[in-house]
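Inside the fold
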Amino acid sequence: MTPRHSIGVHPADRHDAFPENPCGTAVLLLAGSSGRVEVERAEMLARHGARVRAIRWFGGISQRPAPHEVPIETFVEEVELLRRDADRVAIFGTSFGAEAALVTASLHPIDATVAVAPSSVVWAGNSEGTWSSHWTRRGTPMPFVPFDPSWTPSTDPPEYRALYESSVDRDPSAAAAAAIRAEDIDGVVVLVAGGDDRVWPSTRFARELVERRTAKGLDTTVITHPDAGHRLLLPGESAVTAGVTMARGGSPAADAELGALAWPRIVNALHLRA
């Protein structure tokens, strides 16, 4: 297999936010399956002292068309570019972006990782009818959990939580091979999950990540809210309505309550100016 080498993220697929009063932390900010650039969150974090680069990591210029065999080197390269001008570097991702953040931090030194609606395993992605891993490393697809072929949606819009649950449970050996090695993450780890997440069981995945880290004597900060869904609303953010059509659970109020709980822990992890 010919390796796909990262060539960097094109300026059209990134947004750089700069603080007036820097706190010394640079943040790589990753959205999930929407493929959007998280401009509002980047600017909000910058107002609290972070230098932030929000990127599109699939579907952009010279990028993979879908979350399918995306080089982990893409994120490593951006982290190292940010490190040139910062005392600390963090990676902050949501959903598939949280999966990317955790995988990257397990393979490359990062000072802080914030994962919203995290996964504990690497998942399958599809491009032009071909199923493979979400991620490659050195050109080779990483082990992944394939989807349960017998699952069909029972709601409109679809709730995918049952699909992810049945897929990860049907083949324990595949799930073990695809497990994100959270125990190899050296820096601070903050996991944020909603108990009403209808996309995938993010609270379960958070527990599994914590178990792997606890077994190695590593601390993890976990923030949950029973009524919040797949999305997080941090203080001052507006609710997002775009993205792939699916049931995400929660409500703007509950998602904002989760955000209010998580915010002080995020401030602490990123050394932000509150």
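Below is a short write-up of the structure.

Rules used throughout
Residues numbered from 1 in each chain as written. Predicted model: local features only at pLDDT ≥ 70, side-chain atom pairs only at ≥ 80, totals over all residues. Heavy atoms only, no water. Helix = DSSP H or I, 4+ residues; strand = E, 2+ residues; numbered from the N terminus. Expected span 1.5 Å × (residues − 1). Buried < 20%, exposed > 50% of the residue type's maximum accessible area, 1.4 Å probe, protein only. Core = buried A, V, L, I, M, F, W, Y, C linked by side-chain atoms within 4.5 Å. Contact = heavy atoms within 4.5 Å. Pairing = 2+ DSSP bridges. Axes fitted to C-alpha atoms, helices over the stretch in contact; angles between N-to-C directions. 1 Å grid on protein atoms, 1.4 Å probe; cavity = no way out; pocket = protein on both sides within 12 Å on 5 of 7 lines; lining within 4 Å. Points joined across faces, edges and corners; volume = space filled by probe spheres on them. Nonpolar A, V, L, I, M, F, W, Y, C, P; charged D, E, K, R; others polar.

With that settled, the discussion passes to helix α3 (residues 96-107). Taking 1.5 Å of rise per residue, twelve residues should cover 16 Å, and α3 covers 17 Å from first to last C-alpha, within 8% of that figure. The element α3 is largely enclosed, with a buried count of eleven among its twelve residues. Of the positions making up α3, those classed as buried are Phe-96, Gly-97, Ala-98, Glu-99, Ala-100, Ala-101, Leu-102, Val-103, Thr-104, Ala-105 and Ser-106.

With that settled, consider the environment of Leu-30. Position of Leu-30 relative to the elements: it lies in strand β2 (residues 25-30). Its relative accessible area of 1% is what places Leu-30 among the buried residues. In sequence terms Leu-30 and Asp-197 are 167 residues apart; their C-alpha atoms lie 19 Å from each other.

Right, let's get into the nonpolar core. Core analysis: the largest hydrophobic core is formed by 45 residues, its most contacted members being Leu-28, Leu-30, Trp-57, Phe-75, Trp-123 and Trp-135. Residue assignment for this core shows that the elements contributing at least two residues are β2, α2 (73-83), β5 (88-94), α3, α4 (161-170), β11 (188-194) and α6 (202-214). Leaving out residues up to four positions away in the same chain, Leu-28 has contacts with Arg-53, Ile-55, Phe-75, Glu-78, Val-79, Leu-82, Ala-90, Ile-91 and Phe-92.

Tracing the chain through its elements places Pro-11 in the segment before β1 (14-17). Pro-11 gets classed as exposed once you look at its relative accessible area, which sits at 52%. Pro-11 sits 111 residues away from Val-122 along the chain, and the two C-alpha atoms are 28 Å apart.

So, about the sheet that holds strand β3 (residues 51-55). Judged by pairing direction, the sheet is mixed, and its seven strands sit side by side in the order β1-β3-β2-β5-β6-β11-β12 without closing on themselves. Both outer strands of the open sheet, β1 and β12 (221-225), are each paired with one neighbouring strand and no more. Taking each pair of neighbouring strands and ignoring which way they run, the sheet shows an average axis angle of 15°. Together, β1, β2, β3 and β5 form the strand contacts of helix α1 (residues 39-47), whose direction differs from that of β1 by roughly 15°. Sheet strands in contact with α2 are β2, β3 and β5, and its direction is about 155° off that of β2.

Here we take up the layout of surface pockets. In this structure, the largest pocket encloses a volume near 920 Å³. What lines the largest pocket is a set of 44 residues, among which Ser-33, His-230, Arg-231, Met-246 and Arg-248 lie closest to the centre. Breaking the lining of the largest pocket down by element, the ones donating at least two residues are α1, β7 (124-127), α4 and α7 (252-270). The residue inventory of the lining of the largest pocket, partitioned by class, reads 22 nonpolar, 14 polar and eight charged.

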